[in-house]
Amino acid sequence: MRTVNEISKLTGVSVRTLHHYDAIDLLKPTELTPAGYRLYDDTALSRLQTILMFRELQFPLKEIKAILDSPTFDPKEALAQQIKLLELQLKHTKELISFARKIQEKGVNEMNFDAFNKAELEQYAAEVKEKWGSTKTYKEYEIKTKGKTDKEIEKNINQLMTLFAEIGSVKQLLPAEKVVQDKIKALQELITENFYTCTDEILKDLSQMYVCDERFKQNIDKAGGEGTAEFVKQAVFVYCSNKDNS
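None of the values given here were measured: they were computed from a predicted structure. (Residues numbered from 1 in each chain as written. Predicted model: local features only at pLDDT ≥ 70, side-chain atom pairs only at ≥ 80, totals over all residues. Heavy atoms only, no water.)

All right, on to helix H2 (residues 15-23) then. Every buried residue belonging to H2 is among Leu 18, Tyr 21 and Asp 22, and all of these are buried. Considered in projection along H2, the buried side chains sweep an arc of 100° and stay on one side of the axis. Away from its buried face by more than 90 degrees, H2 exposes Arg 16 and Ala 23. Contact partners of the buried residues in H2: helix H1 (4-11), strand S3 (38-40), helix H3 (42-56) and helix H4 (61-69). Positive backbone phi, approximately 65°, marks Asp 25, located one or two places after H2. (Buried < 20%, exposed > 50% of the residue type's maximum accessible area, 1.4 Å probe, protein only. Helix = DSSP H or I, 4+ residues; strand = E, 2+ residues; numbered from the N terminus. Arc of directions from axis to C-beta. Contact = heavy atoms within 4.5 Å.)

Enumeration over the complete set of coordinates arrives at two aromatic pairs. An angle of 50° between the planes, with centres 4.9 Å apart, marks the rings of Phe 54 and Phe 59 as tilted. Residue class for Phe 54 comes out buried when judged on its relative accessible area of 0%. A relative accessible area of 1% places Phe 59 in the buried class. Centre to centre, the rings of Phe 164 and Tyr 210 are 5.3 Å apart; their planes meet at 85°, and the pair counts as edge-to-face. You can see Phe 164 sitting in helix H8 (residues 150-168) and its partner Tyr 210 sitting in helix H10 (residues 200-212), a full 46 residues away along the chain. Using a relative accessible area of 2% as the deciding quantity, one classes Phe 164 as buried. (Phe/Tyr/Trp six-rings, centres within 6.5 Å; stacked < 30°, edge-to-face > 60°.)

Structural measurements only, silent on function.
Right under this line is the structure:
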C-alpha cells in the first residue's frame with residue numbers, strides 16, 4: 001500500500017489532483033487508515049496509469065470515468081486503442097514539424113493547412129468514447145442505478161458477491177453440471193434485474209473481464225476462493241454454447 005504522498009511522488013500527479021479524483025469517484029483509495037489517510041494498492045495504481053494515459057490523449061475526466069466504469073470495459077483492448085491514438089497523435093505531430101520546417105525554409109507566406117487536419121485522430125477518439133462511454137448498455141446502467149441509494153447499490157453488489165461465493169463452492173464440479181449452470185443463469189438474471197440487460201454476448205464479455213481485469217479477478221476469487229473467476233468464465237461459455245445449440 002502507498003500513501004497519497006507516495007503516489008504523488010511516484011507519478012508526478014499532485015496530491016490535490018488525487019484528492020479531486022477521489023471526490024469525483026474517478027480514483028478511490030483502496031482503503032483509509034483509522035486516521036483517515038488514503039492508501040492505494042497496485043490495482044489503484046493500474047487504474048491511475050490508465051487515467052493518465054487518457055489524459056495525455058486529452059480525454060475529459062467525465063469521459064474517462066464513463067469509460068473505466070463501463071460494464072464492458074476491457075483493459076487490454078483499451079490499451080490497444082490508446083496505443084493507436086498515440087500513434088495517430090505522433091503522426092500528426094510529425095506532420096506539423098515537417099510543415100513548420102517547410103515554412104522555415106520557404107518563408108512564412110507558404111500556405112498549406114493540411115498539417116492541421118486532425119480528422120483521423122478525432123474520428124478514432126470518438127469511436128473509443130462511443131464504445132466505452134456512450135453505449136446503450138452503459139446508458140441503461142445509468143438509468144437503472146440513478147434512483148438507487150448507495151445502500152441499495154451496495155446491496156446489489158453484495159448479492160453478486162454472494163452468488164460468486166456460491167459458484168466458488170461448486171467449482172470442484174464440471175462447468176457443465178446442472179447446479180453450476182443454474183447459478184450462471186441466476187448470475188445473468190441478477191445483472192439484468194439490477195444493472196442492465198445482460199445478453200449472452202455481454203455475459204461472455206463480462207466473464208472474460210472477470211479474468212483479465214485484476215480488480216474483478218481479485219474480488220471474485222476473494223468471494224469464492226482462488227480460481228473462481230476462471231471457473232465462472234468456463235461455465236459461462238458452456239452456458240452460452242448450450243443456448244446456441246438448443
